[in-house]
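Understanding the architecture of this molecule
Take a look at the letters that make up each chain.
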Amino acid sequence: MKRPRILYICDLNLRNGGAQRITFDTLECLSRYFNFVIYTDSDIPDDSLKLLNKLNIPYIIDHSLNEDTITHVIHDYNIDSLLIQWENTGWLTLAASLASKLSIRSIALVHELPYIHTPTSRFIKNFKALVLLKLFKDYLKGNLYDIKTLHAILNVGKAVKKMTTLICVGDASRYYYKRYLGVDCIRIMPSVTIPGEELMRSNGYYNTFSYDVVFMSARHEPEKGIFDVVKIVKIVKEMMGRDLRVAIMGKFLFRNVESKFYSLLRKYHLKDDFEVLGFVAESAKYSVLRRSKVFLYPSSKDVFSISLAEALAMGTPAVVYDLPFTRMYNIGGVYKVKYKDIKGMAQKVREIIELSEKYPDKYLALRKQVSEYVRKTFTLERTCSELREVIDKALRE
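Our subject in this report is the structure included herewith. (Residues numbered from 1 in each chain as written. Predicted model: local features only at pLDDT ≥ 70, side-chain atom pairs only at ≥ 80, totals over all residues. Heavy atoms only, no water.)

Notes on the packing of aromatic side chains
- Enumeration according to the criterion identifies 18 aromatic pairs in this entry.
- Taking the centre distance of 5.7 Å and the plane angle of 70 degrees together, the rings of F209 and Y363 count as edge-to-face. Of the two residues, F209 sits in the loop between α8 (197-200) and β8 (211-220) while Y363 sits in helix α14 (residues 360-377), which places them 154 residues apart along the sequence.
- Assessed through its relative accessible area of 26%, F209 is described here as partly exposed.
- Among the residues examined, Y363 registers a relative accessible area of 1% and is labelled buried.
- Grouping aromatic residues by their ring pairs yields a cluster made of F215, F295, Y297 and F325.
- If you follow K285 out to its NZ or CZ, it ends over the ring of Y286, 5.0 Å from the centre.
- Geometry around Y359 places K362 over its ring, the cationic atom sitting 5.3 Å from the centre. (Phe/Tyr/Trp six-rings, centres within 6.5 Å; stacked < 30°, edge-to-face > 60°. Helix = DSSP H or I, 4+ residues; strand = E, 2+ residues; numbered from the N terminus. Buried < 20%, exposed > 50% of the residue type's maximum accessible area, 1.4 Å probe, protein only. Lys NZ or Arg CZ within 6 Å of the ring centre and 35° of its normal.)

The structure is reproduced here in structure tokens:
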């Protein structure tokens, strides 16, 4: 039977976050059922190039993301459908335009809401209003957009509704699209790739610690909680009356955010408590996570956090805000605190650190519980199977 040919518009740079990781991890299993042509507007890193060459998947890099060029690619490769990997405003509006002009299927695999990400306002529920509000805030910050980008931002809500099939990664993603855009999507379970079980049984896995607190995000942004981490650690240090060892993993995208972070460290006299590791290799990342007593993640910009899932998979209990993306964890070891309750977050971090020191047996049992739960729940096999079934069904309709 002839396999469908899909133009996969995506980003394969793993440093850009969880959406890219899910695309990378599922590409091999999906390529057994579909013939992909990768189309991207950014350079492809070596690890992703190796995967594409291994799977014999052709790819096209077009930094301009030109509609005429994509149209030629669709004809040259006899493309049956478009698959959009991410809620990129330009990609979604482009896909909607192509689907209309060429009568081609358009399938979107989304995580957060386009442009506005994961709103926390209790009062504004209208997507268009939130877009305009964010545009105004960006204007005040000096973030100006060209006509093409502005057009995509203003029309992305309509573009989402024109997708033949909309796939949401996780329950939180489905919640946001239903609440703010009024569209129901097909939910698939997210996944996380982690070291094998042999590492779980290695000596000292659960009871050798180098850090009291660890924070990790692919991109350090205010919405990811990078500033809240500093404020929370300050209070924990005051509560415990001792210095702390805090590891920070990930990268700063913007110099002003990085400058403010270090300014806060100086203001609160925390420079010696923090170890800023930057973007670290996979093996080092897992080592830091498993050697930390608590994962502090005060993020409001997530629908499924791979950082959180990886920390839990390594047995590290987590303190998070009570938001849609954290409510999927109904287990001990994931402590949810009211949004923006800095003191409440600090108190819970202190309790976990003290549990590890005063009641090590209870603490180690907690680590094993959260690790086993994540490893059994968020499997790559399940995500691949669900995603393949949804795409296959979309192509047959």
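Next, the rest of the story.
Observations concerning the sheet that holds strand β9 (residues 246-252)
- Here 6 strands make up an open sheet; going across it, the order is β10-β9-β8-β11-β12-β13 and the pairing parallel. Each edge of the open sheet carries a strand with a single partner, namely β10 (274-278) and β13 (334-337). If you compare each strand with its neighbour and ignore which way they point, the axes differ by 25 degrees on average.
- Note that strand β11 (residues 292-297) and strand β12 (residues 318-321) share 3 bridges and pair parallel. Paired with F295 across the bridge in β12 is A318.
- Together, β8, β9, β10, β11 and β12 form the strand contacts of helix α9 (residues 226-240), whose direction differs from that of β9 by roughly 165 degrees.
- Its contacts with the sheet place helix α11 (residues 282-290) against β8, β9, β10 and β11, and it is angled at close to 140 degrees to β8. (Pairing = 2+ DSSP bridges. Axes fitted to C-alpha atoms, helices over the stretch in contact; angles between N-to-C directions. Contact = heavy atoms within 4.5 Å.)

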